[in-house]
Structures are given as C-alpha cells and as structure tokens.
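Notes for the structure review
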Amino acid sequence: QSNLPKELSEKYMITKKIGVGVCGEVKLAFERATCKKVALKTINKKDFPASVGTATRSAEREIQILQKIDHPCLIKTKDFFQTDDSYYIVLELMEGGELYDRVKSKQQIKEPIAKLYFYQMLKAVEYLHNNGIIHRDLKPENVLLSSHDDVCIIKITDFNQSKILEESALMRTLCGTPTYLAPEVFTDAVTVGYSRAVDAWSLGVVLFVCLAGYPPFYPNARIGLSVSDQITQGIYTFIPSKWDGISDDAKDVVKKLLRVDPNARLTIEEALQHPWLMDEAMKETAEGIMYPKDPGDADATADPGDADATADPGDATADPGD
Ligand SMILES: CCC/C(=N\NC(=N)N)c1ccc(NC(=O)c2cc3cc(OC)ccc3[nH]2)cc1
C-alpha cells in the first residue's frame, strides 16, 4: 500500500482490488472493530484535469454531495481520509459489483429485472433532481448492485460530474419586471432549465443496454455517421433478434427518453408514470428492498392482512392531554 493515512490502516484492514475506475480503484476492506466488509475507493488527485485546484474543488464538491444525500439507491460514504496525493473514501460494499459487468455477463437482463433496476434508478434520480443535483454521468459503470441475486438493491455512484443547481443571477433576473430584458435571456433560461433532462436521456441509454445487451449509439452502427451524429439526430435501431421478446411498453419508454429535444423528452416524473412502470408487483418488491420493515430481514414483506400489522385502535395510548 502506498503511504496510506495511519488512521485508515488502523481502522481498516485493506485486502484485494475489486474494481478499477477512471480516476482510481476500489478495494475490499474490513473494518477491524466490526469485521464488516466495506469498499475503499481511492481517488488520485493527480488524475484530475488541470491543476490540483480544480481536483480539490470537484472532489470536495463530490464529497459534499455524498454526505448530503440520503436515499436507499444512492451510495453512502462511511468514512473519509486524504493525503497530499489521494482521497480515500470508505463506502458500503456493493457485493454485486457494477451493473456494467452484470449486463456484460448476462448479455441481456430479463425484462422484469431490468424494470426493477430501472424503477430504482428513476427513484434515485428523482431524489437527486428534487434536491437540485444533476448527476450528468449516469452509465452502467456507475450503477452498483447490492448482491449477486437478480432481485437486489441498486445504488448510483460517482458524483464527479454532478452539478448543484444553485440560485443563479439568471433566476434572480427573471424575478424582476422584464421591461428592458432581451428575448435571448428568456430562451437561455429555458435551455438552462432543461439541464436535468440530460439524466433522463442517460437513463434511456442505460435501459436500452440492459434490455438489449447492446448500446443504441456506437461506432459503425450507421455507415458514415459518427456516434455524436447518431446521438444529435437520435438515430438508433431496435435490432429484431434482440428486441422481439421485449414488450412494446418497454420500447415506448426508451423511445420517449431518447428524444433529441429535451423539451419533448420524458422527465423523470413522467417516466415514473409510464404504463411500463405501472406494475404493482414490481413496485412492491422494489419498495420492500429499498425500505425493509426490519433491517434484519431485508425481505420482510408483512402482508397487510396480518393481524399484528394493523394495531388495534384500543392499543393506542392517546395522551390524556390530546
Ligand atoms: C465516493 C466516491 C464515489 C465514486 N466515484 N467517484 C469518482 N470517481 N469521482 C465511486 C466509484 C465507484 C465505486 N465502486 C464501488 O463501490 C464498487 C464496489 C464493487 C464491488 C465489486 O465486486 C464485488 C466490483 C466493483 C465494485 N465497485 C464507489 C464509489
């Protein structure tokens, strides 16, 4: 181990590398006090663009975001250390690894499982957008799985490209009377207002890859069209051999997320209302693993019919002052 912070190696026993990222690696570690498994993500400051300055700012913004967010489908940090050249972030261990590797090994993910994962991604991104955060780098490498089972919790990670929507001068300008305001200030506002739509597009690409096992946009998908041309023109193909067994509702969600015009694209809320996601059994499974009744038995699904599930009104000990 390169010069690890002393406190880090005192508190955790670091073992093997389990994942490699663009700006660092992930190792399996054990918390000495509890023997619990954790993931240790190392982020090398020198791998950041330009000066250390931007590295510090973007990494500290990421840490700030990670410490502020609280949702079952967003990664949680447990500890944080740094040296002159690296950040060391201790995280809950996601035993199932990256969705990227799951799709690669399974080719295509079965539609009901893809729907379960997609629903969790939508709920996580809905939470981020409601908290003024845009992820901007949603991809299968940044979606982690809690176990090797098909039915498991997913957690979104890597907030390096995230953006916090702050109160802007533009917003303050739009609160005043626009007597002397130029038209482009309004059109600019609409464009800036749609920056969150980039996450909806990315989730459309992630869903396409999970269902079909190949991406919608890739080199030589169309002769003479670069990948960026395919994207800006919204040109992709549902290859029949891959898509024949997949429902029309699933295809419809993908089509409405991969709309080039952010104005016409489904928002996260609209996607959650789409017929494909109107699946009570799936939602019950998802809510059950996201919010387990008793954390002990994560798959507790108390049946509403159970006697003890509905406290008898007589049980209530109303405060005499009520
Ligand atoms: C707090 C840092 C957030 C972050 N990346 N941030 C960044 N790249 N700037 C990040 C990036 C990747 C991960 N990955 C993992 O936790 C992870 C667990 C894991 C387990 C595996 O097999 C069991 C295989 C790969 C894994 N990656 C966790 C966090």
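Here's a quick rundown of the structure.

Calculation criteria
Residues numbered from 1 in each chain as written. Predicted model: local features only at pLDDT ≥ 70, side-chain atom pairs only at ≥ 80, totals over all residues. Heavy atoms only, no water. Near = heavy atom within 4 Å. Polar contact = N/O pair within 3.5 Å; in protein donor to acceptor, adjacent residues only side chain to side chain. Areas by Shrake-Rupley, 256 points an atom, 1.4 Å probe, with all protein chains shown as cover. 1 Å grid on protein atoms, 1.4 Å probe; cavity = no way out; pocket = protein on both sides within 12 Å on 5 of 7 lines; lining within 4 Å. Sits in = over half its atoms within 2 Å of the grid points. Helix = DSSP H or I, 4+ residues; strand = E, 2+ residues; numbered from the N terminus. Nonpolar A, V, L, I, M, F, W, Y, C, P; charged D, E, K, R; others polar. Salt bridge = Lys/Arg side-chain N within 4 Å of Asp/Glu carboxyl O. Buried < 20%, exposed > 50% of the residue type's maximum accessible area, 1.4 Å probe, protein only.

Moving on: the site of the ligand. Taken together, 16 residues lie around the ligand, and I18, E62, L66, T157 and D158 are the ones closest in. Within the side chain of E62, a nitrogen or oxygen atom sits 2.7 Å from a nitrogen atom of the ligand. Separating a nitrogen atom of the ligand from a side-chain N or O atom of D158 is a distance of 3.2 Å. Taking 640 Å² as the accessible area of the ligand by itself, protein coverage stands at 91%. Under a 2 Å grid-point criterion requiring more than half of the atoms, the pocket assigned to the ligand is the largest pocket. For the shell around the ligand, the secondary structure elements donating two or more residues are β3 (37-44), α2 (52-68) and β5 (86-92). Residue composition of the shell around the ligand, by class: nine nonpolar, three polar and four charged.

With that out of the way, let us pick up the pattern of salt bridges. For side chains bearing opposite charge, pairing can occur when the charged atoms are close. The final tally for this structure, using the stated rule, is 15 salt bridges. Where D79 meets K11, a salt bridge forms, and the shortest distance between an N and an O atom there is 2.7 Å. Within this pair, whereas D79 is found in strand β4 (residues 77-82), its partner K11 is found in helix α1 (residues 6-11), the two being separated by 68 residues in sequence. Classification of K11 as partly exposed rests on a relative accessible area of 37%. E25 serves as the salt-bridge partner of K27, at 3.4 Å between the closest nitrogen and oxygen. Three or more residues are tied together by salt bridges with common partners; here these are K17, E25 and K27.

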